[in-house]
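One letter stands for each residue in the lines below.
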Amino acid sequence: QQQQQQQMQMQMQQQTQQPANTEQKDPQTEMSKEDALKTQIKNNPSDFNAWTQLLSIIEAQNAIENIREVFDPFLKEFPLCFGYWKKYAEHEQRHGNSQLAIDVFEQGIKAVPHDCNMWMHYAVNMASKSENPETVRSIFERAIEMVGNDYTSYPVWDKYIEFEKTKGETLKVTNLYRRAVSSTVGQVRKYLDELKKWIDFYPFDQLVSQEENESVEKMMIEASQQSQNGPKTSFSDEEKKLKWFEGIESTANSMIEFISHVVSFEDKIKRPYFHVKPLDEPQLQNWREYLTFEESKGKENYQRVIKLYERCLIACCNYPEFWFRYAHYLEK
């Protein structure tokens, strides 16, 4: 998990990092460089390095109109750069344009809907700015719906759980843990362990709905009627928690077994984000083999295959073979 978190931090840095330059900048020189870069981009709109250099100059000026004039065409040319959508939105916020910041984030998730980082940054940003918890929850829920079953979606789950904990929503936190361990996120075991610790701190009737509490009691009463010790009509909190957790753990173990078959593929994905630099052959081959593995499971695996293609085409968008392969799969 620590390696995955470090990888996420590197993703943002590598997409947006500029070479260090401690020299004093002359405004006239910078203006000449800005004009030269604009001309260079006009002649070659796909020159990623020229764009990033221009963005660095424009951001330093901190003039929102100039920022928009460069970020808009850049993100039209390179829409998969989630780090720049985030930076653009933050510029709007710093200039007091909250709604425009939201609009930028919405454009970002429309451009990169299958990127966990894009969703996570949007939701976290709204959690820190919005006074309406339901607005924040709606973004988290959209994120879970879109990427919640991705192997690398744990940042979204983590932040959603953290958000509900800060709001004191015990029942909602419990439900989120239960949903997380029922997903195919790569950190199912971690969420199961956290849930086990979480339920120790609260009475059972605060962890689940009244309906579920009664359902667990009814199930336990029925089971006790078959017991040699005779039927029981009441149970302690610990007994109910234990019985309830058994069902959750069974589901989690099934998910852990399911995702164990893709761990080797996921661990070999070293650059899941977009970059103009070519991927090395082992990375490309891993995507090929991963797709073949998922496709081999037949029609019932259709949604997982589609999701994997969408993830693949973020990292491999400059490789026609994956576009042709995706189109052929859909055609079949």
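Quick caveat, the model's predicted, so the values are computed rather than measured.

**A closer look at unusual backbone geometry**
Argument step 1. Even without glycine at this site, Asn62 takes up a positive phi of about 60 degrees.
Argument step 2. Relative to the helices and strands, Asn62 is located in the loop between helix 3 (48–61) and helix 4 (64–77).

**Let's talk about the confidence of the model for the protein**
Parts of the model with low pLDDT should not have their predicted coordinates read in detail.
Argument step 1. Averaged over every residue, the pLDDT of the protein is 91; residues scoring 70 or more account for 89%.
Argument step 2. Residue range residues 18–22 is modelled with pLDDT below 50. Its contacts to residues more than four positions away, or to other chains, number four contacts.

**Regarding helix 13 (residues 210–224)**
Argument step 1. With 15 residues, helix 13 ought to run about 21 Å at 1.5 Å a step, and its terminal C-alpha atoms sit 21 Å apart, in line with that.
Argument step 2. When we look at burial in helix 13, the residues that qualify are Glu212, Asn213, Val216, Met220 and Ser224. Buried residues along helix 13 cover an arc of 115 degrees about the axis, so they all sit on one side. Turned more than 90 degrees from where helix 13 packs its buried face, Gln210, Glu211 and Lys218 sit exposed.
Argument step 3. Where helix 13 is buried, its residues contact helix 10 (170–181), helix 12 (204–207) and helix 14 (237–259).

**As for the nonpolar core**
The nonpolar side chains of soluble globular proteins are, as a tendency, buried together.
Argument step 1. In this structure, Phe74, Tyr191, Trp244, Cys316 and Phe322 are the most contacted members of the largest nonpolar core, which totals 96 residues.
Argument step 2. Looking at this core element by element, the count peaks at eight residues for helix 17 (residues 302–315).
Argument step 3. In contact with Trp244, not counting residues within four places along its chain, are Thr174, Arg178, Leu195, Ile199, Phe204, Val208, Glu212 and Val216.

**Regarding the packing of aromatic side chains**
Argument step 1. All told, the structure shown has 20 aromatic pairs when counted by the stated rule.
Argument step 2. Consider the rings of Phe105 and Tyr122, whose centres lie 5.0 Å apart with planes at 15 degrees: the pair is stacked. Remark: Tyr122 occurs in helix 7 (residues 116–129) and Phe105 occurs in helix 6 (residues 98–111); sequence separation between them is 17 residues. Take Phe105 and Tyr122: they sit in the same class, and that class is buried.
Argument step 3. Measuring from ring centre to ring centre gives 6.0 Å for Phe140 and Phe163, while their planes differ by 35 degrees; the resulting arrangement is tilted.

**Considerations on the state of the cysteines**
Argument step 1. By the definition in use, this model includes zero disulfides.
Argument step 2. Here Cys312 is not disulfide-linked; the sulfur of Cys316 is the nearest cysteine sulfur, at 3.9 Å.
Argument step 3. We classify Cys312 as buried; its relative accessible area is 0%.
Argument step 4. With no disulfide partner, Cys317 has as its closest neighbouring cysteine sulfur the one in Cys316, 8.3 Å distant.

Conventions used here
Residues numbered from 1 in each chain as written. Predicted model: local features only at pLDDT ≥ 70, side-chain atom pairs only at ≥ 80, totals over all residues. Heavy atoms only, no water. Helix = DSSP H or I, 4+ residues; strand = E, 2+ residues; numbered from the N terminus. pLDDT = per-residue confidence, 0-100. Contact = heavy atoms within 4.5 Å. Expected span 1.5 Å × (residues − 1). Buried < 20%, exposed > 50% of the residue type's maximum accessible area, 1.4 Å probe, protein only. Arc of directions from axis to C-beta. Core = buried A, V, L, I, M, F, W, Y, C linked by side-chain atoms within 4.5 Å. Phe/Tyr/Trp six-rings, centres within 6.5 Å; stacked < 30°, edge-to-face > 60°. Disulfide = S-S within 2.5 Å.

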